[in-house]
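Listed below are the residues making up each chain.
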Amino acid sequence: MVQSGSEKGKESDKKEEETVKIVTSFYPLYIMMLNLADGIDGIELDNMAEPQTGCLHDYQLRPRDLVCLEDADIFLANGGGMEEFLSDVLEAYPDLNIIYAIDGLSEEDLLEGHEHDHEGHAHAEETDTHEEKELHEVEEEAIHGEEEHEVNPHTWMNMELYKKEISYIAQTLAQVDPANQDAYKENEKRYTEKIDDLIEEYAALKQKEEKPGCVLLHESFVYLAEEYGYPVLETLDVEKDSGFSAKEMRELIDEVGDAGNGVIVSDSQYSGNISTLLAQETGMERYQLDSGVSGEYEKDAYLTSMRKNLEELKRAAD
């Protein structure tokens, strides 16, 4: 049957009304939503920060990002200070419905983190206007900045905590989109069962008593190391492949050497040049893990990444 222009317009308006647009802040949350929204009609997914090498703390909003959020029903963010650009988002869209994954965790679940002092942020307090400072205060309230210490926001690296976040987000989505609450619940069950299978597959690794101490070159790995009982000797955020002065490199070598006898764990998203040099200078063995912030847009990407990480940890313990 041929539809009139008015009928087509009404159908288009109805389709827009029935569509729930969910925008995720970065890759790990997008992979989570691929699983939670699997097979549900009327869900439109978009990811803001494209998978890339580097730290989300350094991410700068682009005009495309704000356009992407313009008609979003839900913005799914990590929280805990991960998205330092949230002040700009809140300024542009003060009524945006934001779900923070980290709200699914208790205070006892969270580990203390390091203050990120990246280029462009080092002197923010000195250069901010009065209005900008007020905006930062609003952002801090929204992402748990009222705490006395920095939070390590890389909670997805602990699979038990990741499951808690999945459950929280599924429940919250069911409240926002009640028409699909049964589907969210079923998808949550299916995805967490896959994660449970992976945890069970490496149960022997968790129970193994003797494990080497670790010097971690990225704070995201603290969650994984503690979950599987690897002593953390030192955590140093080395978020670049080069550009260190001779003095900085010497200080880094000394810090790693002074940490104690153990292994060096670096992030596989970087070339490994720095960790290789540190291993050569200290005599420690080097292992690479995946912090899970980049990869293919595939439903099982998180599971694949974590399995590789557990294999690497198993190799370090042998």
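To be clear, the structure that these remarks concern was listed above.
All of the points below concern the structure found in this document. Everything quoted here is computed from the prediction, not taken from an experiment.

The rules we used
- Residues numbered from 1 in each chain as written.
- Predicted model: local features only at pLDDT ≥ 70, side-chain atom pairs only at ≥ 80, totals over all residues.
- Heavy atoms only, no water.
- Salt bridge = Lys/Arg side-chain N within 4 Å of Asp/Glu carboxyl O.
- Helix = DSSP H or I, 4+ residues; strand = E, 2+ residues; numbered from the N terminus.
- Pairing = 2+ DSSP bridges.
- Axes fitted to C-alpha atoms, helices over the stretch in contact; angles between N-to-C directions.
- Contact = heavy atoms within 4.5 Å.
- Parallel < 35°, antiparallel > 145°, perpendicular 65-115°, else oblique.
- Nonpolar A, V, L, I, M, F, W, Y, C, P; charged D, E, K, R; others polar.
- Core = buried A, V, L, I, M, F, W, Y, C linked by side-chain atoms within 4.5 Å.
- Buried < 20%, exposed > 50% of the residue type's maximum accessible area, 1.4 Å probe, protein only.

Okay, the pattern of salt bridges next. Under the definition given, this model contains 16 salt bridges. One salt bridge in this structure joins Lys-21 and Asp-71, with 2.7 Å as the shortest N-O distance. Here the residue Lys-21 occupies a position in strand β1 (residues 20-24), and Asp-71 occupies one in the loop between α3 (63-70) and β3 (74-77), the gap between them amounting to 50 residues. The partner of Lys-206 in a salt bridge is Glu-227, and the shortest N-O contact between them spans 4.0 Å. Taken together, the positions of Lys-206 in helix α9 (residues 203-207) and Glu-227 in helix α10 (residues 221-227) put the pair 21 residues apart, joining distant regions of the chain. Salt bridges sharing common partners tie together Asp-46, Arg-62, Arg-64 and Asp-65.

With respect to topology, four strands assemble into an open sheet ordered β2-β1-β3-β4, the strand pairing being parallel. Strands with a single pairing partner mark the edges of an open sheet, and in this sheet they are β2 (43-47) and β4 (98-100). The mean angle between the axes of side-by-side strands here comes to 25 degrees, regardless of whether they run parallel or antiparallel. The strands touched by helix α2 (residues 27-36) within the sheet are β1, β2 and β3, with β2 carrying the most contacts at an inclination of about 160 degrees.

Following the sequence through the fold, Glu-239 ends up in the loop between β6 (232-235) and α11 (246-258). Taking the C-alpha atoms as reference, Glu-239 lies 8.0 Å from Leu-217; in sequence the two are 22 residues apart.

Attention now goes to the packing of helix α8 (residues 181-201) against helix α13 (residues 301-317). The contact between α8 and α13 brings their axes to 11 Å, and the two run at 10 degrees. Regarding the angle of α8 to α13, the classification is roughly parallel. Listed contacts from α13 to Tyr-191, Lys-194, Ile-195, Leu-198 and Glu-201 of α8 are Tyr-302, Leu-303, Met-306, Arg-307 and Leu-310. Tallied by class, the residues present in the contact of α8 with α13 amount to seven nonpolar, no polar and three charged.

Among the nonpolar cores identified, the biggest contains 81 residues, and Leu-69, Phe-75, Met-159, Ile-169, Leu-173, Tyr-302 and Leu-310 are the most heavily contacted of them. Setting aside its immediate chain neighbours within four residues, Tyr-302 contacts Ile-31, Trp-156, Asn-158, Met-159, Tyr-162 and Tyr-191.

To continue, consider the sheet that holds strand β5 (residues 213-216). If you trace the four strands from one edge of the open sheet to the other, you get β6-β5-β7-β8, paired in parallel fashion. Since the sheet does not close on itself, it has two edges, and those belong to β6 and β8 (285-289), each with one partner. Taking each pair of neighbouring strands and ignoring which way they run, the sheet shows an average axis angle of 25 degrees. Two strands pair when backbone bridges link them, and strand β7 (residues 262-267) and β8 are joined in this way by five bridges, in the parallel orientation. When the sheet's bridge partners are listed, Ile-264 is paired in β8 with Arg-286.

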